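# Structural features, examined
Take a look at the letters that make up each chain.
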Amino acid sequence: MSDATFDAVIIGAGHNGMALAAYLAKAGSSVGVFEKRAEEGGGLCTEELTRPGFLHNVHANYHTLVGICPVYDDLELSTRHGLRYMQPPVQMASVFDDGTALVVHTDLDKTCASIARFSRKDADTFRAVYEEARGYRDLILRTLMYSPPVSMKEITKALVTWGVEEKSKFLSVHLRHQTINEFLDRHFENEKVKAHLAFHAALAGYATDRRGLAVSFPLLLSKIDNWHVCIGGSHALAHSLWEALAQAGGRVFLKHGVERILIENGKAVGVRLEDGSEVRARHLVASSISLEQTFYRLVGREKLSAPLAAEVAEFPHMDWSFFSVHLAMTKLPEYRAASFDPDVSKAWVVNLGYASPQQFNQDWKDVRAGKLLDPRPNAAVNSLYDPTDAPDGCYTGLLRQMAPYDLAKGGPQAWDNIAREYGQRCIDVWRAAAPNLTDDSFLEWATYTPLDIARRMPNMVHADWIGGLIDLGNMLDHRPGPILSDYRTPIGNLYMCGATQHPHGFVTFAPAYNALEMIAQDKKIERWWK
């Protein structure tokens, strides 16, 4: 492209980069977003992986902060830009080998009734945790997630100020010393109930054996019924972001990869693209891509101070990823457990196999050791609630299985040799739970391995699907480290706004929203948003 100049240059057109760009454009800045890939959205990609007309969400499938995250309303994504969601009334389920099932509904009474079939005490406890955490949810999420990070010490003071410790039975700063497993063992008695709640945490990236993560668990439970299907596929969210940005005057340049961040007198002044052209930035450059790409490749290792180089090198990535099977189907699953609870066949997301926390504990150990797990996938059929994602009379299915990126036997490259066989094993588990899924139920299916993630999405380093390990030592003002935790960098006018920043990846928009706050402070941008 020809050389150009913008007030703000954004590197990467994932949902964080696009959201930040749209806010800045609506504030009156000229904004250019530069993306190496041929489509905007990053992990919000929807593709016809199997057959024409079957829309598969390759990465992001579960959107859990709709109605909570301020970005949706601020950018009018639904009211002006065509974004549509469906909140399934039957959210998720766990089916067990003995033919029983636990089902989560948007109706709390129905959820508690399902839990009570396993334990009346656990049903009462779940209601108490849910209602208590729900009462604090919006306050705490806006304070902790949609605000620049504060220290655990400051959070402790705030909880004391709010009187949470005195008023709450379940929310406590002492949870920072506990695992989710310990929280479950302390408050719940039935192993299947514990397994289902652990399943919910794992899908959000929270390992149940990692010390300190219990501090977030009550809040996770408060949104266990807030999972949404993006109508038309997750890429519809990316398109609505593009439309919001375009209508505000911003521009997105696809297949325009950045080769270098231009630095003069210690400040970022623009970027050089892979075609050799230069784009100048009057006020700022913001990177929504990984630390490694930003600082090693675009800035250059030789320009980093020793402390900054160490912070990038020591940043911990997720120690597990996902293996997926995408299926074009002619039938909906009819679960054996439907004889126990008919609603299980209406559940959007289904846990196939985890019946106790102990099974999770062993799988955490094995996946970190690079072992291929015996499949216990989760299954989702978006077509139950989005009829647009498959041809008439057909359905789009998804199986997701925890998996290592670096296999102990053969390393990452071994995925190319074992993917099809492992995919079949995952399908066999699904068929055992839903025997009506005979061979003719599947028109075609395709695998998507951790190696595929790393190849297709270089921003997801080592198939790190959430932008960095979720761990107490990598949260709040420790993420990604003390130098970069406030979204600013030691290089003037260069900001970080991607998943490596507080709070983490997933479709939260929080890294972009919080980076915006720092940019607005530094650049004296008038806040038009709430």
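Placed above this text is the structure.
A short tour of the structure in this document, coming up. (Residues numbered from 1 in each chain as written. Predicted model: local features only at pLDDT ≥ 70, side-chain atom pairs only at ≥ 80, totals over all residues. Heavy atoms only, no water.)

## Points about the pairing of strand β1 (residues 4-11)
Burial analysis of β1 places six of its eight residues in the buried class, the great majority of the element. Summarising the sheet, β1 and strand β12 (residues 278-287) pair through seven bridges and their orientation is parallel. The residue of β12 that forms the bridge with phenylalanine 6 is alanine 281. When β1 meets strand β2 (residues 31-34), the two strands line up parallel, connected through four bridges. Bridge pairing links alanine 8 to valine 31 in β2. Each parallel crossover has a hand, and the one from β1 via helix α1 (residues 15-26) to β2 is right-handed. (Buried < 20%, exposed > 50% of the residue type's maximum accessible area, 1.4 Å probe, protein only. Helix = DSSP H or I, 4+ residues; strand = E, 2+ residues; numbered from the N terminus. Pairing = 2+ DSSP bridges. Right-handed = clockwise from strand over helix to strand, strands pointing away.)

## Remarks on the packing of α1 against helix α16 (residues 510-523)
Axis separation between α1 and α16 bottoms out at 8 Å; the angle between their running directions is 35°. Here α1 and α16 pass one another in a crossing that is right-handed. For the pair α1 and α16, the contacting residues are Asn16, Ala19, Leu20, Tyr23 and Leu24 in the first and Ala510, Pro511, Ala512, Tyr513, Leu516 and Ile519 in the second. In terms of residue class, the contact of α1 with α16 is built from 10 nonpolar, one polar and no charged. (Axes fitted to C-alpha atoms, helices over the stretch in contact; angles between N-to-C directions. Left-handed = near helix turned anticlockwise from the far one by under 90°. Contact = heavy atoms within 4.5 Å. Nonpolar A, V, L, I, M, F, W, Y, C, P; charged D, E, K, R; others polar.)

## With respect to the pattern of salt bridges
Taken as a whole, this structure holds 32 salt bridges when the rule is applied. In this structure, arginine 282 engages aspartate 7 in a salt bridge whose closest nitrogen and oxygen atoms are separated by 3.0 Å. Highlighted residues: arginine 282 in strand β12 and aspartate 7 in strand β1, separated in sequence by 275 residues. Residue arginine 272 is joined to glutamate 278 by a salt bridge in which the shortest nitrogen-to-oxygen separation is 3.8 Å. Of the residues examined, arginine 272 reaches a relative accessible area of 27% and is grouped as partly exposed. (Salt bridge = Lys/Arg side-chain N within 4 Å of Asp/Glu carboxyl O.)

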